[in-house]
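Given next are the chains, with one letter for each unit.
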Amino acid sequence: LWLSQYLYSNNKRVMILMRGYKGKLEHSSGLIHAGKIINPDPIDYGDEALLLARRLENATVVVGKKRSENLSFYFPKVEPDVVLLDDGHQHIKIKRKLNIVLFDSLMPLSNYHVAPLGYMREGFQALKDADLIVFGRADMAGPQKIQQLKDLIYPHLPAGIQFAEFGYRPNGFYNSANVRVLTLEQIRHRKVICMAGIANPLSFFKLIEDLGAEILVTESFPDHHFFKPDEVNALLSYAKSEDALIVTTEKDIVRLNKIVNDDAIVFLEVELYFLNGESETKELIDSCFKNIY
């Protein structure tokens, strides 16, 4: 999302290739034109593709796990200036000009083993192809944890590699129609039920807690979980009995919208901000476009 917005601010037409995980089109393909009046189904496209489409002003999102085939098919139709390959470090069929590897800084160092012993899909030797290492949630992890992670991966990095660190900054609460209904200050002391079906719900819950909300309960579901009406209605009944709000994530609201539309459900919109490495990151991105015209 940040990459697409930065490229758009520099007058670049963006096409994003992504798998569309858990969507029906994951095993075929589908295209979304962001910024248009659309109502695609997360069951077809997956939640992440729809999140990107609703936040981007002018981009094309292509889903389907056969991304090299999708690139060949859709590129001449879209004619983008730049193609972003989401979750694509292992996708060697497509040659890239820039490889960005993102680490979740909150993940325990003990998890850095190849599956099934840990979280990694491939060993650290794959970092030889990286151009930029980015540490996410660095604000929550702290400098000591970041240094430990750097020490762990440093022997496997190419010479001269760049680093960047970022955190997430909340900017308001929105309803299902993407209208801001509460400022950050207005959530303070409000009773809330936190509900999330994302990979790391604890960081989301921490954001809500830090904003001063009175959290009655937290409900975690698997990442990309397709909510059932009974699950949501039970929480809605509890929320209304306590005069509370259900607060969820932007990725979750995409899936919730297909089964319920209630003013008691809001999502927290967040934006990325750099702790350091922003100028270096932008310089690397800009360098991709030098001497190509």
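Please refer to the structure placed before this passage.
If you're wondering where the values come from, they're calculated on a predicted model, not measured in any experiment.

J.: Could you give an account of empty space enclosed by the protein, with specific residues and numbers?
T.: Enumeration over the complete set of coordinates arrives at one cavity of 30 Å³ or more. If you trace the largest cavity, you find it lined by Ser176, Ile253, Leu256, Asn257, Val260, Asn261, Asp262 and Ile265. Across the lining of the largest cavity, the residue classes break down as four nonpolar, three polar and one charged.

J.: An account of the side chain of Asn175 is requested, with residue identities and associated values reported.
T.: Within the fold, Asn175 resides in the loop between strand S7 (162–174) and strand S8 (180–182). Note on Asn175: relative accessible area 18%, which makes it buried. A distance of 2.9 Å separates a polar atom in the side chain of Asn175 from the backbone nitrogen of Ala177. Setting aside residues no more than four positions away along its own chain, Asn175 makes contact with Val181, Ile265 and Phe267.

J.: I'd like to hear about the environment of Pro80, residue by residue, with values.
T.: With respect to the helices and strands, the residue Pro80 is situated in the loop between helix H4 (67–78) and strand S4 (82–85). Since its relative accessible area comes to 7%, Pro80 is described here as buried. Each C-alpha atom of the pair Pro80 and Lys12 lies 7.6 Å from the other, and the pair is 68 residues apart in sequence. With residues up to four places along the chain from it excluded, the contact list for Pro80 reads Arg13, Val14, Met15 and Phe75.

J.: Provide a residue-level description of the packing of aromatic side chains, including the pertinent values.
T.: In total, this model carries 11 aromatic pairs according to the counting rule given. Here the aromatic rings of Tyr174 and Phe267 are separated by 5.7 Å at their centres, their planes lie at 20°, and the arrangement is stacked. One end of the pair, Tyr174, is in strand S7; the other, Phe267, is in strand S12 (residues 265–276), and 93 residues separate them in sequence. Side by side, Tyr174 and Phe267 carry an identical accessibility label, which is buried.

J.: Could you give an account of helix H1 (residues 2–9), naming the residues involved and the relevant values?
T.: Taken together, the buried positions of H1 are Trp2, Ser4, Tyr6 and Leu7. The inward-facing, buried residues of H1 contact strand S1 (14–18), S4, S12 and helix H10 (278–287).

J.: Go over the nonpolar core, please, and point to the residues and values.
T.: In terms of nonpolar packing, the biggest core is built from 45 residues, with Ile16, Met195, Val232, Ile246 and Ile265 touching the most fellow members. Not counting chain neighbours up to four residues away, the residues in contact with Ile16 comprise Ser4, Leu52, Leu56, Thr60, Val61, Val62 and Leu84. Within the second largest apolar cluster, 17 residues are counted, among which are Val192, Cys194, Phe205 and Val247.

J.: Please provide a residue-by-residue account of the pattern of salt bridges, values included.
T.: Close approach of charged atoms lets side chains of opposite charge pair. Overall, the coordinates contain 15 salt bridges when judged by the stated rule. The salt bridge involving Asp129 is made with Lys128; its shortest N-O contact spans 3.7 Å. Asp129 sits in the partly exposed class, given a relative accessible area of 41%. For Lys128, a relative accessible area of 55% puts it in the exposed group. Here the salt bridges share partners, and the residues they tie into one network are Glu48, Asp223 and Lys251.

J.: Which residues make up unusual backbone geometry, and what values do they have?
T.: Omega for the peptide link from Ala115 to Pro116 comes to 10°, which places this bond in the cis form. One can find Pro116 in the loop between strand S5 (100–104) and strand S6 (132–136). Phi is positive for Asn178, close to 65°, though the residue is something other than glycine. Phi angles above zero are rare outside glycine, and His189 is one such case at about 70°. Along the chain, His189 turns up in the loop between S8 and strand S9 (191–196). Residue classification places His189 among the exposed residues on the basis of a relative accessible area of 64%.

Scoring rules and cut-offs
- Residues numbered from 1 in each chain as written.
- Predicted model: local features only at pLDDT ≥ 70, side-chain atom pairs only at ≥ 80, totals over all residues.
- Heavy atoms only, no water.
- 1 Å grid on protein atoms, 1.4 Å probe; cavity = no way out; pocket = protein on both sides within 12 Å on 5 of 7 lines; lining within 4 Å.
- Points joined across faces, edges and corners; volume = space filled by probe spheres on them.
- Nonpolar A, V, L, I, M, F, W, Y, C, P; charged D, E, K, R; others polar.
- Helix = DSSP H or I, 4+ residues; strand = E, 2+ residues; numbered from the N terminus.
- Buried < 20%, exposed > 50% of the residue type's maximum accessible area, 1.4 Å probe, protein only.
- Polar contact = N/O pair within 3.5 Å; in protein donor to acceptor, adjacent residues only side chain to side chain.
- Contact = heavy atoms within 4.5 Å.
- Phe/Tyr/Trp six-rings, centres within 6.5 Å; stacked < 30°, edge-to-face > 60°.
- Core = buried A, V, L, I, M, F, W, Y, C linked by side-chain atoms within 4.5 Å.
- Salt bridge = Lys/Arg side-chain N within 4 Å of Asp/Glu carboxyl O.

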